[in-house]
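Given next are the chains, with one letter for each unit.
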Amino acid sequence: MKYEVVIIGSGLGGLICARQLAQAGRQVLVLERHAQPGGCLQSYRRGDMDFDTGLHYVGGLAEGQPLHAAFEQLGLMRLPWHRLDADGFDRITIGKQTFPLAEGFQHFAETLGEYFPQEKDALRQYVEMLEHLPPMEEISQVNAYDYLKSLFHDPLLINVLSGTALKMELRQESLPLFNFAHSMSSYIQSSWRLKGGGSLIVDALVKDIQAFGGEIICQAEVRELKSQDGRIVAAKCPNGRTYEGDIFISDVHPQLTFGWIKDLHTLKGIFRRRINALENTFGMFTASLVLKPDTLPYFNHNKYVYRKANVWTFAQETGSIGGVMISCRVPDQGDYARQIDLLTPMSWTLCEPWDATSIGRRGEIYEMQKERMTDECIRLAERVIPELRNMIAKRYTSTPLTWRDYTLSPCGSAFGIRKDCRQPLLTMLSPKTPVPNLFLTGQSLVLHGLEGVTMTAFNTIDTIKNSRL
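I will try to describe carefully the structure that is included in this document. In this convention, every chain numbers its residues from 1, walking through the sequence in written order. Given that the model is predicted, a residue must reach a pLDDT of at least 70 before its local features are reported, and side-chain atom pairs must reach 80 or more before they are shown or counted; all residues, however, enter totals for whole chains, interfaces and linings. Hydrogen atoms and water are omitted, and side-chain values are computed over all heavy atoms in the structure.

1. Examining the nonpolar core
Okay, so step 1: Definition of nonpolar core: a set of buried residues of the types Ala, Val, Leu, Ile, Met, Phe, Trp, Tyr and Cys, connected through side-chain atoms within 4.5 Å. Under the scheme applied here, a residue whose accessible area is under 20% of the maximum for its type counts as buried, over 50% as exposed, and between as partly exposed, the area being computed with a 1.4 Å probe on protein chains only. One finds Y126, F152, F180, L225, I340, L342 and L388 to be the most contacted residues of the largest nonpolar core, which totals 114 residues.
Okay, so step 2: No other element matches helix α8 (residues 177–189), which puts 7 residues into this core.
Okay, so step 3: Once residues within four sequence positions are removed from consideration, Y126 is found in contact with F108, Y147, L148, L151, F152, L161, F180 and M184.
Okay, so step 4: Listed in part, the 41 residues of the second largest apolar core include V5, A18, A62 and V202. Secondary structure elements follow DSSP: runs of H or I no shorter than four residues count as helices, runs of E no shorter than two count as strands, and numbering proceeds from the N terminus. Contacts between residues were defined by any pair of non-hydrogen atoms, one from each residue, lying within 4.5 Å.

2. Some thoughts on the pattern of salt bridges
For side chains bearing opposite charge, pairing can occur when the charged atoms are close.
Okay, so step 1: By salt bridge we mean one thing: a side-chain nitrogen of Lys or Arg within 4 Å of a carboxyl oxygen of Asp or Glu. Applying the stated criterion across every chain yields a total of 21 salt bridges.
Okay, so step 2: The shortest N-O distance in the salt bridge between R33 and E221 comes to 3.8 Å. You can see R33 sitting in the loop between β2 (28–31) and β3 (43–46) and its partner E221 sitting in the loop between β10 (215–217) and β11 (224–228), a full 188 residues away along the chain.
Okay, so step 3: Here R395 makes a salt bridge to E371, at a shortest N to O gap of 2.6 Å. Linking R395 in strand β18 (residues 392–398) with E371 in helix α12 (residues 364–381), this pair joins segments that are 24 residues apart in sequence.

3. Topic: the packing of aromatic side chains
Okay, so step 1: A pair of aromatic rings is counted whenever rings of Phe, Tyr or Trp (Trp by its six-membered ring) have centres within 6.5 Å, and the orientation is called stacked for planes under 30 degrees apart, edge-to-face for over 60 and tilted otherwise. Summed over the entire model, instances satisfying the criterion amount to 11 aromatic pairs.
Okay, so step 2: Centroid distance Y126 to F152: 5.7 Å. Interplanar angle 70 degrees. Geometry classified as edge-to-face. Of the two residues, Y126 sits in helix α4 (residues 120–131) while F152 sits in the loop between α6 (144–151) and α7 (155–161), which places them 26 residues apart along the sequence.
Okay, so step 3: The interplanar angle of 55 degrees and the centroid separation of 5.0 Å between the aromatic rings of Y145 and W312 together place this pair among those described as tilted. Of the two residues, Y145 is situated in helix α6 and W312 in the loop between β15 (302–306) and β16 (323–328); the sequence distance between them amounts to 167 residues. The two residues Y145 and W312 agree in class, both being buried.
Okay, so step 4: In textbook terms, an aromatic cluster arises when at least three aromatic residues are bridged by ring pairs, as seen for F99, Y115 and F116.
Okay, so step 5: A cation over an aromatic ring shows up here: K303 above the ring of F299, its NZ or CZ 4.7 Å from the ring centre.
Okay, so step 6: In this scheme, Lys NZ or Arg CZ marks a charge over a ring once it lies within 6 Å of the ring centre and within 35 degrees of the ring normal. Positioned above the aromatic ring of Y366 is the side chain of R362, whose terminal nitrogen or guanidinium carbon lies 5.6 Å from the ring centre.

4. Describing the pairing of β11
Okay, so step 1: In this scheme, strands are said to pair when DSSP sees at least two bridges between them. Judged from the 5 bridges that link them, β11 and strand β12 (residues 231–236) form a sheet pairing that is antiparallel. Counterpart to S227 in the pairing with β12 is I232.
Okay, so step 2: Taking the residues between adjacent antiparallel strands as the criterion, β11 and β12 are bridged by 2 residues, where D229 takes a positive phi near 55 degrees.

5. Some points on the sheet that holds strand β6 (residues 81–83)
Okay, so step 1: Reading across the sheet, the 3 strands line up as β5-β9-β6 and stay open at both edges, with antiparallel pairing between neighbours. Two strands bound the open sheet, and with one partner strand each, they are β5 (58–59) and β6.
Okay, so step 2: Sheet analysis places β6 next to strand β9 (residues 191–194), joined by 3 bridges and oriented antiparallel. If you follow H82 over to β9, its bridge partner there is R193.

6. Examining unusual backbone geometry
Okay, so step 1: Of note in this structure, D229 is not a glycine but carries a positive phi near 55 degrees.
Okay, so step 2: Its place among the elements puts D229 in the loop between β11 and β12.
Okay, so step 3: Here D229 falls in the exposed class, since its relative accessible area comes to 72%.
Okay, so step 4: In the Ramachandran plot, C411 falls in the positive-phi region, its phi being about 60 degrees despite a non-glycine side chain.

7. Looking at the side chain of E382
Okay, so step 1: Here E382 is to be found in the loop between α12 and β18.
Okay, so step 2: For this analysis, a polar contact is any N or O atom pair within 3.5 Å, provided that within protein one partner can donate a hydrogen and the other can accept it, and provided that sequence-adjacent residues contribute only side-chain to side-chain pairs. One polar contact links the side chain of E382 to the main-chain amide nitrogen of R389, over a distance of 3.0 Å.
Okay, so step 3: Those residues in contact with E382 that lie beyond four places of it in its chain are E387, L388 and R389.

8. Some words on the pairing of β15
Okay, so step 1: For β15, a buried count of 5 out of 5 residues is recorded, marking the element as mostly surrounded by other parts of the structure.
Okay, so step 2: Residues N302, Y304 and Y306 line one face of β15 and the alternating positions K303 and V305 line the opposite face, and both faces are buried.

9. Quick notes on the environment of L133
Okay, so step 1: With respect to the helices, strands and loops of the structure, L133 is situated in the loop between α4 and α5 (136–139).
Okay, so step 2: For the pair L133 and R389, spaced 256 residues apart in the sequence, the C-alpha separation amounts to 42 Å.
Okay, so step 3: In contact with L133, not counting residues within four places along its chain, are A181, H182 and S185.

So this is what it looks like as structure tokens:
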């Protein structure tokens, strides 16, 4: 059977493309290598509890804000969204000081201005930029760290303003202001948690795809994209099954996507070498903790804790874990938390000894390393949650190896391809490819995160429409 659109990968980007194209009347097929769709939005179950993988909070969901219209169109605003504290949706602890990040641009600037009175004018300039984001072509070549240094004189304030950046990769030498500002802006407008797992988003999109006549096949791993006359004609799986289509969309990392295409003259060697040379962002270590009943009151914000004022460099430094994000899941009932996640960057060099292993078969040394990292994360978290270790009933962990095995992201990269202000045209990819009927979507193109991937998916759809395929 031949489909109009074949989508490879069922992460958020792939599912949004599938839903919208199926709703528009296209005959859509989604191919997913795992037993369930969802990518980084998947939840997993341990005992009687569900745990999230990539979703912790999202910004800009209130009416009139960046993500609201898109989620309304996708039918996702009907999900049980829970708004975080307006007076401090994020709390940044550096050393022994804690600083709240408040909702609303003016409120944000005024709140931090109380801690840094000499920087009030600069804070107003900063939120003015965030509220009226310049277009990509104006700030994709601007270095984010240099911008902050030119605007603010207090190094501690620069660290505070960057303190929520565990939801991106900070690089002093290369991070574009475009990516930094977009990651910050929508959360300041409003921040939300989902009461329940990220699978609620997946289930809603899958239900709509099927209702609009789309098809999703799981355990269908693509290993080759077959070409003919300069176009892709079929996706081939290891079991010999092939799925023919007119249009192909890959929600899989671009380096893997182009590696599936053999002997296609439109993919020049220089293009392949450029794609394969792109660097990827770091991976994440996550400790998911199940808490004993009635031990930790639910906190309606995220906590970011840093050992020192080195927010921009701690992830590249060796030694003890220097920073951790603490995310608290909204309880199903009552006022006490039952689950919290501790997240910190993890270098691929720590994973390389187990590169050739698979989940559940990595050995005792690997398990010991995870236990050590969990203990370090807990010790750092105890700066803001005293005696946390005594509240824990169970703990589960994941590393970049886990991400690599489930999402095929090279080196378990958490945010896809690393964007570089020194060469934005090389590191920010278009949905269009040299193959006329092959398109890309997902976090590796321009922006990551729930908002970034959603906007990219709509851009992919518009690109297909404008290509008149």
